[in-house]
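Chain residues, written in single-letter form:
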Amino acid sequence: MSIKKKFVAIIPAKKKSFRIPNKNLLKINGKSLVVKSIQDAKKSKYIKEIFVSTDSKKIFNIAKSYGLKNLGLRSKKFSGKLSTMHSVIKHEIKKISFDFDYLIILQPTSPYRSFKDIDNACKKMVKNKSADSLVSCSSLPENYHPKKLMLKENSFLKFFDLRSIFLNNLKINKNLKIFKTKSIGKINKKSLLLFRNGAIYITKREKISNYIIGGKIISYEMPFEKSLDINDYDDLKELRKF
């Protein structure tokens, strides 16, 4: 199959993690999370070049051992707690000298993502020419529906969403404590509630200066059981069960 669109992958893998030390070097079945991401990216028939963005010499050398092109070690400015993914990516792509059409971000903390998921997401992005970005998602479990969520401030709770079943028969007045958000409006009965699972982000090259996810966004939907994103020790325990 001839693929005309060029995809470049960046695997963000900084040294410090504020919840799990050296998280990206954790081994599952004898293979570190960053190595699994590199191997899956190399199996992809869409990705033409892979870069690892890191401030870790060990991870840098791992990337080098797989023959990946060099972005250099990430500076402290883009490795701290306050640095955002968007700022890191904008900085790193300045070092890429050749043209490409799409950037795909593969976080090592999504161990259940496969190279087939990567290729299916790329295929969907290419097919939808009007899309500006793609994000991998899973269906939101009923327990986490916005209607059931509460926001805790100090010692008291507020309703997160005006559509809560407990507000159906109340006359809403200005004094009622409601957490107002523009992101949650009326949801059509046919709408599907999804959550971002962190496995795959794809952005058109010309849109990266503005956002990673934005413009006309499409989803690549993954099963809930493949959507583990390792952020803390509870996630790690969940992974090791399997």
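Residues numbered from 1 in each chain as written. Predicted model: local features only at pLDDT ≥ 70, side-chain atom pairs only at ≥ 80, totals over all residues. Heavy atoms only, no water.

Student: Sorry, what's going on with the overall build of the chain here?
Tutor: When helices and strands are tallied, the chain shows five helices and 10 strands. Looking at the chain as a whole, 42% of its 242 residues qualify as buried. Relative to all contacts within the chain whose residues are 6 or more apart in sequence, the contacts with residues 24 or more apart total 73%. Element-wise, carbon and sulfur atoms account for 52% of the exposed surface of the chain, whose accessible area totals about 15,100 Å². (Helix = DSSP H or I, 4+ residues; strand = E, 2+ residues; numbered from the N terminus. Buried < 20%, exposed > 50% of the residue type's maximum accessible area, 1.4 Å probe, protein only. Contact = heavy atoms within 4.5 Å. Areas by Shrake-Rupley, 256 points an atom, 1.4 Å probe, with all protein chains shown as cover.)

Student: Help me understand the nonpolar core, please; the structure alone is not making it clear to me.
Tutor: Generally speaking, soluble globular proteins have nonpolar side chains that are buried together. Counting 32 residues, the largest nonpolar core has Val34, Ile47, Ile104, Leu106, Ile200 and Ile202 as the members making the most contacts within it. Taken together, the elements giving at least two residues each to this core come down to strand 1 (7-12), helix 1 (33-43), strand 4 (47-53), helix 2 (57-65), strand 5 (102-105), helix 4 (115-127), strand 9 (194-204) and strand 10 (217-221). Ignoring anything within four residues of it in the chain, the contact list for Ile47 reads Phe7, Ala9, Ala41, Ile104, Leu106 and Ile118. In this structure, Leu103, Ile105, Cys137 and Tyr201 belong to the second largest nonpolar core, which totals 15 residues. (Core = buried A, V, L, I, M, F, W, Y, C linked by side-chain atoms within 4.5 Å.)

Student: Help me out: how do you make sense of the side chain of Ser53 in this one?
Tutor: One can find Ser53 in strand 4. Judged by relative accessible area, which is 0%, Ser53 ranks as buried. Leave out the neighbours within four places in its chain, and Ser53 touches Ile10, Ile11, Pro12, Ala13, Lys14, Arg74, Val88 and Glu92.

Student: Would you mind showing me how to read the side chain of Asn24 here?
Tutor: Tracing the backbone through its elements, the reader meets Asn24 in the loop between strand 1 and strand 2 (27-28). At 3.1 Å, the side chain of Asn24 and the backbone oxygen of Lys14 are in polar contact. Excluding residues that lie within four positions of it along the chain, Asn24 makes contacts with Ala13, Lys14, Ser32, Leu33, Val34, Ile59, Pro108 and Thr109. (Polar contact = N/O pair within 3.5 Å; in protein donor to acceptor, adjacent residues only side chain to side chain.)

Student: Sorry, what's going on with the sheet that holds strand 1 here?
Tutor: Paired through backbone hydrogen bonds, the strands of a sheet run either parallel or antiparallel to each other. Spatially, 4-1-5-9-6-10 is the arrangement adopted by the six strands of the open sheet, whose pairing is mixed. If you trace the sheet from one side to the other, it starts and ends with strand 4 and strand 10, each paired once. Taken pair by pair, the neighbouring strands of this sheet meet at an average axis angle of 30 degrees, ignoring direction. With four bridges joining them, strand 1 and strand 5 adopt parallel strand pairing. Directly across from Phe7, in strand 5, lies its bridge partner Tyr102. Across the sheet, helix 1 lies against strand 1 and strand 4, angled at about 165 degrees from strand 4, the strand it touches most. (Pairing = 2+ DSSP bridges. Axes fitted to C-alpha atoms, helices over the stretch in contact; angles between N-to-C directions.)

Student: Explain the packing of aromatic side chains to me, please; I cannot follow it from the model alone.
Tutor: Pairs of aromatic rings are described using the distance from one ring centre to the other and the angle between the two planes. A full pass over the atoms with the stated rule returns four aromatic pairs. Centre to centre, the rings of Phe195 and Phe224 are 6.0 Å apart; their planes meet at 75 degrees, and the pair counts as edge-to-face. Of this pair, Phe195 sits in strand 9 while Phe224 sits in the loop between strand 10 and helix 5 (233-241), and the two are 29 residues apart along the sequence. (Phe/Tyr/Trp six-rings, centres within 6.5 Å; stacked < 30°, edge-to-face > 60°.)

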